[in-house]
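Understanding the architecture of this molecule
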Amino acid sequence: MSSPLIIALDLEINEVLKLLKKINPSDCQVKIGNQLFTSEGPDIIKRIQDYGFKVFLDLKYHDIPNTVYSAVSSALNLNVWMLNVHSLGGKEMLKAAYKTVENSSTKPLLIGVTVLTSLEDKDIKQIGLQKSTREQVLLLAQLCQNERLDGVVCSPKELSFLRESLDKDFVLVTPGIRSIKSKKDDQLRTSTALEAVNNGADYIVIGREITNHKNPNEKIHQILKEFQ
Ligand code: C5P
């Protein structure tokens, strides 16, 4: 079985290349988000794949269905392992994304973002969403499942009830992982890696706790050991 660990490469290119030489593709996948993609462009994906890593393209597409269809089609040419759209883009947008992936030969995992882990109840009220974070996440996750996406991104706090409410093979990806609960940075709905996996996460995304560590490989092994 592949490792549940996905390392968020929210770094400058030189730091990314230094990091990739120190870590092992059999221990983790990597995630390319807005920072690295915007500074380096799509060529960065191939460079990273050449080190042996599977790539999760985390650009959270959120646009009209036709634009998302085309954006996902372009992403498919990059041979990514996983990619995501933002489920707030609505049912037709999710359908468009699914249609593109379904027709592709590579068939990466298509994941919907629910509610960012940096938001909590007061923040989602502020943008006019009246449900609690929990209800909102469930509604969006069910929408993604109905539209045949492979899974969703949610916070560790929603894992247990999503696991109970959704199909067993529906993939749950969770960022917001902190080994010390008090150290949250800008993440609000957090848990430890072990709690997340025990509560049903298929994949956990960890950025700064690994990339800022003095020995990232040691930190990765420390986390993987917790799961044994
Ligand atoms: O450094 P840290 O572990 O907080 O990084 C978390 C990563 O997960 C970041 O790359 C962030 O963009 C991403 N992410 C998130 N919340 C989501 C989706 C993705 O924090 N809902």
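Refer to the preceding data block for the structure.
What comes next concerns the included structure. (Residues numbered from 1 in each chain as written. Predicted model: local features only at pLDDT ≥ 70, side-chain atom pairs only at ≥ 80, totals over all residues. Heavy atoms only, no water.)

**Looking at the site of the ligand**
In plain terms, the rule: Here, proximity means that at least one heavy atom of the residue falls within 4 Å of the molecule or strand. Within 3.5 Å is the distance limit for a polar contact, defined as a pair of N or O atoms, with the added protein rule that one can donate a hydrogen and the other accept it, and that residues adjacent in sequence qualify only through two side-chain atoms. Residue burial considers only the protein chains on display, and all accessible areas are found by Shrake-Rupley using a 1.4 Å probe. Only DSSP runs of H or I covering at least 4 residues are called helices, and only runs of E covering at least 2 are called strands; the numbering of each starts at the N terminus. Residues are grouped as follows: Ala, Val, Leu, Ile, Met, Phe, Trp, Tyr, Cys and Pro are nonpolar; Asp, Glu, Lys and Arg are charged; every other residue, Gly included, is polar.
Surrounding the ligand, one finds 15 residues, the nearest of these being D10, K31, R178, G207 and R208. D10 has a polar side-chain atom sitting 2.6 Å from an oxygen atom of the ligand. One of the side-chain N or O atoms of T117 is found 2.9 Å from a nitrogen atom in the ligand. Summarising the interface, the protein chains cover 87% of the accessible area of the ligand, which totals 470 Å² for the free molecule. At the level of secondary structure, the elements contributing two or more residues to the shell around the ligand comprise strand 3 (55-61) and strand 8 (203-206). In terms of residue class, the shell around the ligand is made up of six nonpolar, three polar and six charged.

**Quick notes on unusual backbone geometry**
You will see that N79, though not glycine, has its phi angle at about 55 degrees, which is positive. Residue placement: N79 occurs in the loop between helix 4 (65-76) and strand 4 (82-86). If you check the backbone angles, K107 has positive phi at about 45 degrees while not being a glycine. Looking at the element boundaries, K107 is found in the loop between helix 5 (91-102) and strand 5 (109-113).

**A closer look at the nonpolar core**
Selection criterion: We define a nonpolar core as any set of buried Ala, Val, Leu, Ile, Met, Phe, Trp, Tyr and Cys residues linked to one another through side-chain atoms lying within 4.5 Å. Only protein chains enter the area calculation, which uses a 1.4 Å probe; residues under 20% of their type maximum are buried, those over 50% are exposed, and those in between are partly exposed. By the convention used here, residues are in contact when the closest approach between their heavy atoms is within 4.5 Å.
Among the nonpolar cores identified, the biggest contains 60 residues, and L5, I48 and V85 are the most heavily contacted of them. Residues within four places of I48 in sequence aside, it is in contact with L9, V16, L20, V30, I32, L36, F53 and V55. A8, W81, V153 and V173 belong to the second largest nonpolar core, which has 12 residues in total.

**A short note on the pattern of salt bridges**
Worth spelling out the cut-off: Salt bridge criterion: a side-chain nitrogen from Lys or Arg within 4 Å of a carboxyl oxygen from Asp or Glu.
This structure, assessed with the given rule, holds seven salt bridges. When the shortest N-O distance is used, the salt bridge between K219 and E209 registers 4.0 Å. Here K219, found in helix 11 (residues 216-226), pairs with E209, found in helix 10 (residues 208-211); they are 10 residues apart in sequence, far enough to count as distant. Owing to a relative accessible area of 8%, K219 belongs among the buried residues under this scheme. Via salt bridges that share partners, K31, D58 and K60 belong to a single interconnected network.

**A word on the packing of aromatic side chains**
Each pair of aromatic rings is reported with the distance of its centres and the angle of its planes. Counted only if it meets this: Only rings of Phe, Tyr and Trp enter the pairing, Trp through its six-membered ring, and a pair is recorded when the two centres are within 6.5 Å. The plane angle decides the type: under 30 degrees is stacked, over 60 is edge-to-face, the rest tilted. A ring has a charge above it when a Lys NZ or an Arg CZ is no more than 6 Å from the ring centre and no more than 35 degrees off the ring normal.
On inspection of all chains with the given rule, the structure shows one aromatic pair. Note on W81 and Y203: the rings are 5.2 Å apart at their centroids and 85 degrees apart in plane angle, and the pair reads as edge-to-face. Of this pair, W81 sits in the loop between helix 4 and strand 4 while Y203 is found in strand 8, placing the two residues 122 residues apart along the sequence. For Y203, a relative accessible area of 12% gives the class buried. Positioned over the ring face of F161 is R134, at 4.0 Å from the centre of the ring.

**Focus: the packing of helix 4 against helix 5**
This is how it is decided: Here the axes come from fitting lines to C-alpha atoms, over the contacting stretch only for helices, and the angles between their N-to-C directions go from 0 to 180 degrees. For classification purposes, an angle smaller than 35 degrees is called roughly parallel, one larger than 145 roughly antiparallel, one from 65 to 115 roughly perpendicular, and anything else oblique. By convention the crossing between two helices is left-handed if the near helix lies anticlockwise of the far one by an angle smaller than a right angle, and right-handed if it lies clockwise.
One can describe the packing of helix 4 onto helix 5 by two numbers: an axis separation of 8 Å at closest approach and a directional angle of 30 degrees. The angle between helix 4 and helix 5 falls in the class roughly parallel. When the axes of helix 4 and helix 5 are compared, the crossing they make is right-handed. Residue-level contacts link P65, V68, Y69, V72, S73 and L76 of helix 4 to E92, M93, A96, A97, K99, T100 and V101 of helix 5. Classifying every residue of the contact of helix 4 with helix 5 gives nine nonpolar, two polar and two charged.

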